[in-house]
Amino acid sequence: MGMFPMAEGRNDPEIFWVDPKERGVFPLDGFHISRSLARTIRKSPYSVTLNHDFSGVVKGCADRDETWINDEIYALYCELHQMGHGHSIELWDREELIGGVYGVTLGAAFFGESMFSLRRDASKIALAYLTKHLDNCGFKLFDTQFITPHLTSLGAEEISRSEYHQRLSHAIQLPAKITSRPLPDVYSVMQRRTQTS
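Residues numbered from 1 in each chain as written. Predicted model: local features only at pLDDT ≥ 70, side-chain atom pairs only at ≥ 80, totals over all residues. Heavy atoms only, no water.

Trainee: So what's going on with the packing of aromatic side chains? Residues and values would help.
Mentor: Inspection of every chain in the model, using the stated rule, returns six aromatic pairs. Arranged with centres 5.4 Å apart and planes meeting at 45 degrees, the rings of Phe 26 and Phe 31 form a pair that is tilted. With respect to burial, Phe 26 and Phe 31 carry one shared label: buried. Measuring from centroid to centroid gives 5.4 Å for Phe 110 and Phe 142, while their planes differ by 85 degrees, and the two rings are edge-to-face. Within this pair, whereas Phe 110 is found in strand E7 (residues 109–117), its partner Phe 142 is found in strand E8 (residues 141–145), the two being separated by 32 residues in sequence. Residue Phe 110 shares its accessibility class with Phe 142, and that shared class is buried. Three or more aromatic residues link up through ring pairs in this structure, and these residues are Phe 26, Phe 31, Phe 110 and Phe 142. Across the ring face of Tyr 164, the terminal group of Arg 23 is positioned such that the distance to the ring centre comes to 4.0 Å. (Phe/Tyr/Trp six-rings, centres within 6.5 Å; stacked < 30°, edge-to-face > 60°. Buried < 20%, exposed > 50% of the residue type's maximum accessible area, 1.4 Å probe, protein only. Helix = DSSP H or I, 4+ residues; strand = E, 2+ residues; numbered from the N terminus. Lys NZ or Arg CZ within 6 Å of the ring centre and 35° of its normal.)

Trainee: A description of the environment of His 52 should follow, citing residues and the corresponding values.
Mentor: Looking at the secondary structure, you find His 52 in the loop between strand E4 (47–50) and helix H2 (54–62). Classification of His 52 by relative accessible area gives exposed; the value is 59%. Residues His 52 and Ile 125 lie 73 residues apart in sequence; the distance between their C-alpha atoms is 17 Å. In contact with His 52, not counting residues within four places along its chain, are Glu 90 and Trp 92. (Contact = heavy atoms within 4.5 Å.)

Trainee: Could you give an account of the confidence of the model for the protein, naming the residues involved and the relevant values?
Mentor: Per-chain confidence: the protein averages 92 in pLDDT, with 97% of residues scoring 70 or above. Low pLDDT (under 50) marks residues 193–197, which in the prediction has 16 contacts with non-local residues, meaning those over four places away or in another chain. (pLDDT = per-residue confidence, 0-100.)

Trainee: Go over helix H1 (residues 35–43) with me, naming the residues and quoting the values.
Mentor: Looking only at H1, the buried set comprises Leu 37, Ala 38 and Ile 41. Taken end-on, H1 shows its buried residues confined to a sector of 100 degrees, consistent with a single buried face. Residues of H1 that are buried make contact with helix H4 (122–136) and helix H7 (186–190). (Arc of directions from axis to C-beta.)

Trainee: Account for the packing of H1 against H4, with residues named and values stated.
Mentor: For the pair H1 and H4, the least separation of the axes is 11 Å and the interaxial angle reads 85 degrees. With respect to H4, the element H1 is oriented roughly perpendicular. In contact with Leu 37, Thr 40 and Ile 41 of H1, H4 contributes Lys 124, Ile 125, Ala 128 and Tyr 129. In the contact of H1 with H4, the residues fall into five nonpolar, one polar and one charged. (Axes fitted to C-alpha atoms, helices over the stretch in contact; angles between N-to-C directions. Parallel < 35°, antiparallel > 145°, perpendicular 65-115°, else oblique. Nonpolar A, V, L, I, M, F, W, Y, C, P; charged D, E, K, R; others polar.)

Trainee: Any chance you could break down the side chain of His 133 for me, citing the residues and the numbers?
Mentor: With respect to the helices, strands and loops of the structure, His 133 is situated in helix H4. His 133 sits in the buried class, given a relative accessible area of 0%. Dropping the residues within four chain positions of it, His 133 is found in contact with Leu 50, Ile 178, Arg 181, Pro 182, Leu 183 and Pro 184.

Trainee: Break down the pattern of salt bridges for me, with residues and values.
Mentor: A complete count under the given rule lists seven salt bridges for this structure. One salt bridge connects Arg 161 with Asp 19, and the closest N-O pair in it is separated by 3.7 Å. Taken together, the residues span a long stretch of sequence, with Arg 161 in helix H6 (residues 161–171) and Asp 19 in the loop between strand E2 (16–18) and strand E3 (22–25) at a distance of 142 residues. Judged by relative accessible area, Asp 19 falls into the partly exposed class, the value being 24%. (Salt bridge = Lys/Arg side-chain N within 4 Å of Asp/Glu carboxyl O.)

Trainee: Give me the lowdown on the environment of Met 6, citing residues and values where you can.
Mentor: Tracing the sequence through the fold places Met 6 in strand E1 (residues 4–6). With sequence-adjacent residues up to four places away left out, Met 6 is seen in contact with Glu 14, Ile 15, Phe 16, Val 18, Trp 68, Ile 73 and Phe 146.

Trainee: For the nonpolar core, give the residues involved together with the corresponding values.
Mentor: Counting residues in hydrophobic clusters, the biggest one holds 32 residues, and the most contacted among them are Phe 26, Ile 33, Ile 41, Leu 127, Leu 130, Leu 134 and Phe 142. Going through the elements one at a time, H1, E4, strand E5 (86–93), strand E6 (96–106), H4 and H7 are the ones with two or more residues in this core. Filtering out sequence-adjacent residues up to four positions away, Phe 26 remains in contact with Phe 31, Leu 127, Phe 142, Thr 144, Leu 151, Leu 154, Gly 155 and Ala 156. Ile 73, Tyr 77, Val 104 and Tyr 164 belong to the second largest nonpolar core, which has 27 residues in total. (Core = buried A, V, L, I, M, F, W, Y, C linked by side-chain atoms within 4.5 Å.)

Written out as structure tokens, the structure reads:
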């Protein structure tokens, strides 16, 4: 239906549904990797995994002064993960989880929920891998909910609610599976470099 749940804060038990007039999306062939980010990815000592610590990523996203992730949202997304719809990309520094992004899949649509970073550029690296992986697995829509300057710098676009619902209707009818292929290697991720800052 194109709506997503939020809470006013960590300790607020109420959940409400959001359907923004303008929606953020990532074109799967238009993720921007700057020269500096490409260098960081190429030299990064970090490892990237899929679905190795979903609950840890959600907890990492909620671990901030202000969050929309309350206990019920945490529990429900972990349940979606157990059902095969919730997925996460994790970034590791040896045994330490230092960043990641999680979301929900339905058909060929990926609904990005939140991301976190404990090291510089960790969430950007996770997004770069995720975007390439979604494209490799045949996804057609990467929903970012809202647009931010951070997401815009990486290639995210803002579209109208009506256009979003058209794209959504098309994507959820198509087959795609996020576990159908292994994660991309670092060189294929960097092939998407389209800006030179």
